[in-house]
Amino acid sequence: MTSRNFRFYRVVLTVVLSWLLPVCVSSSSFAAKPAPWVADNSARADFSGFWELNLGKSDNIQARLDILVRELMERARRQAKGRQDRGGGMTIGGAGPNSAPSIIGLAKMADLITASQLLEIIQKENDILVKRENSFALTCEFYKGAPQFQESVFGAETCGWDSHQLLFRMFLPDGLTIQHILSLGSAGYRLNIATTVYSDKVSYPFTLNRVYTRYEPDRGGIRCEMTLTRGNVCTTEAR
Amino acid sequence: MRKLSLCLLLFLAACGSNGQKGPEPAIEAVSVWPVPVGVVTLNKAESAVVSPRLDLGIIVFDPGIPKDASTHSKLGVFPKIRDVEAQYLPVVLRDALVASNNWGVVRVVPKNDETLGLRVTAKIIHSDGEDLVLHVRAIDAGGLVWLDRSYHDRTNPGDFPALAGGAPAQISDDPFADLYRQIANDLGLIKTQFSVAELANIRNVGLLRYATNLSPEAFSGFLFRESDGAYELRRLPAADDPMMRRVQRIRNQEYLFIDTVDEQYVDLYETMAPTYYLWRQYGRERAIFKADYELRAANRESYGRRGSYIAMERTYNTFKNSKIQDQDLQELAGGFNNEVAPTVMEVSGRVFRLSGALNAQYTEWREILRSIFSLETTGKKTPLLD
């Protein structure tokens, strides 16, 4: 989706949502949260290698937004009906929980978080490093099979295996939660990263699947190595 | 005099167990760091000590790498860097001890040797560009513990001047030089509490323990081992004892080997000094930046309505930047290893000595010397000399 299309779609969606979505439900009563997960190391996959984004196979953000809107509208309709049955009325508004800006915000966040075109994954027996272009790397250690848990003033993280899938969860301030699930398909030639963004202001999470395919980087016969005193030192590889 | 010494030892190491005799307990990890040593001036003896010389051996440090590899990243321990530091830091301590003029020969030794006049062991508790914490023990040949305490030094910006050569021209300009000076001062102060006769006695006990290792049947009667593991001198062999002369000669040959090895440690130090200096400098700058960033982030007012894109983006970007900061250090560690690892291998390869193989080489050399001694005294040839 181009940014111009996205802006147009956002305007239309804002109008529609602001009239149709109920905002009478408090966010705390339906805040979306990831499901509990039990680490399972039984069937680890090997994600090692270089991966490039395959846009054709990946989710279309507009389609995903449509689905989310339909789900929320259906939910709103059911709640409104219940309230009418009990003699209550439907509250209409454009701010607060499930507001259009919050839903669009989730979609934009998912787009921002999954913007990396290239990945390099280095996987060893006890840890994995997922280097993402223009972003920080996802890292996980799984020495004892138990999920790794880290916490700082900026948020908490957990990661680990869920059978053949590798799961990363980040719990950030202000009710923002991000989950990445890595899984391998097509005989190891395709990598799917399902990124889900949760907000305690929207009752449904927003999920975006990004599909990556393997590629061999063209090094042009150059091999580079990071050093402290000389920076990145590159040498020609013997052919 | 001995009692006075013990009182001083106890005073000097309030957090340790100085003056204790007996088998060496394993050094435990220090969970609470002592107060930093601050600015320390090295106390130098008026002139180089001539007599009695008490030689001092610094055993290659214990790198202090936790066995549980899953804790390394959380503790900020980079095992490869720690392994190299364990060989690098003793050279800096050696320099401070030599400069103090308090000792005879000061050597960096690859393996623990209980027959050394005074041996210093240390475990690296923490090491980065900001803080260095070492747990240091010094034990004499008789088994008396001179020192058993932790030392902590914290750097300030002045400890990392911009240097044209990339590293301090002199070892004494090390960013943590105050820590080594403090150790040297403490050991020097303890030494002043021993009389000339007591120091000579320590030397003799060391020599006789060495002799007993070579020929227990000939020399064990000269020493008495107390129930707590300490050694007392019963009597001395005659000054012209031919067996004792052989022992001296064998020991000198062993020292020759150690001195050759010691040069390799200095080579290693000089080769890796610029890289290691940069690593610690970057580490310090990064730690300061991160602490400052965390403070600013924690005090920042929330921006935008909760749940709005602008608020979520800001939250995410703050998290992202903190992650990038953490991962920069990992990259630096990788850069350090890429430069230092070949050097270590090269040094090791040159003499087949400097890493793990050095211990084996040293042990083998001692076995050869023992065999030579046996051949000379009993006429029996061992397979090692075939």
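As the structure is a computational prediction, the values presented were derived from the model and not from experiment. (Residues numbered from 1 in each chain as written. Chains lettered and ligands numbered in written order. Predicted model: local features only at pLDDT ≥ 70, side-chain atom pairs only at ≥ 80, totals over all residues.)

K.L.:
I would appreciate a short explanation of the interface of chain A and chain B in the present structure.
P.N.:
Counting residues at the interface gives 33 residues for chain A and 35 residues for chain B. Elements with a contribution of two residues or more to the side of chain A that touches chain B: α4 (100–113), β7 (165–172) and β11 (222–227) of chain A. Per element, the largest residue contribution to the side of chain A that touches chain B is eight residues, and it comes from α4 of chain A. Partitioned by chemical class, the residues of the side of chain A that touches chain B number 17 nonpolar, 10 polar and six charged. (Contact = placed C-beta atoms within 7 Å. Helix = DSSP H or I, 4+ residues; strand = E, 2+ residues; numbered from the N terminus. Nonpolar A, V, L, I, M, F, W, Y, C, P; charged D, E, K, R; others polar.)

K.L.:
Mind showing me how you'd approach the sheet that holds strand β4 (residues 138–141) of chain A here?
P.N.:
Sheets are built from strands paired through backbone hydrogen bonds, the pairs being either parallel or antiparallel. Residue and element names in this part refer to chain A. Taking strand neighbours across the sheet as the criterion, the 10 strands line up as β4-β3-β2-β1-β10-β9-β8-β7-β6-β5 in an open arrangement whose pairing is antiparallel. The sheet terminates laterally at β4 and β5 (148–152), the two strands that pair on one side only. Across the sheet, the mean angle from the axis of one strand to that of its neighbour is 20 degrees, orientation sign disregarded. Taken together, the four bridges between strand β3 (residues 127–132) and β4 define a ladder with antiparallel strand orientation. From the neighbouring strand, Val130 faces β4, where its bridge partner is Leu138. (Pairing = 2+ DSSP bridges. Axes fitted to C-alpha atoms, helices over the stretch in contact; angles between N-to-C directions.)

K.L.:
I tried to follow unusual backbone geometry on my own but got confused; where do I start?
P.N.:
Peptide bonds are trans in most cases, and residues, glycine excluded, mostly fall at negative phi. At Asp174 of chain A, a position not held by glycine, the phi torsion is positive, near 60 degrees. Structurally, Asp174 of chain A is set in the loop between β7 and β8 (176–185). By C-beta crowding, Asp174 of chain A is classed as partly exposed, having 19 other C-beta atoms within 10 Å. With phi around 60 degrees, Asn101 of chain B is a residue other than glycine that occupies positive phi space. Mapped onto the elements, Asn101 of chain B comes out in the loop between α3 (79–99) and β2 (106–109). (Buried ≥ 20, exposed ≤ 12 C-beta atoms within 10 Å, placed from the backbone.)

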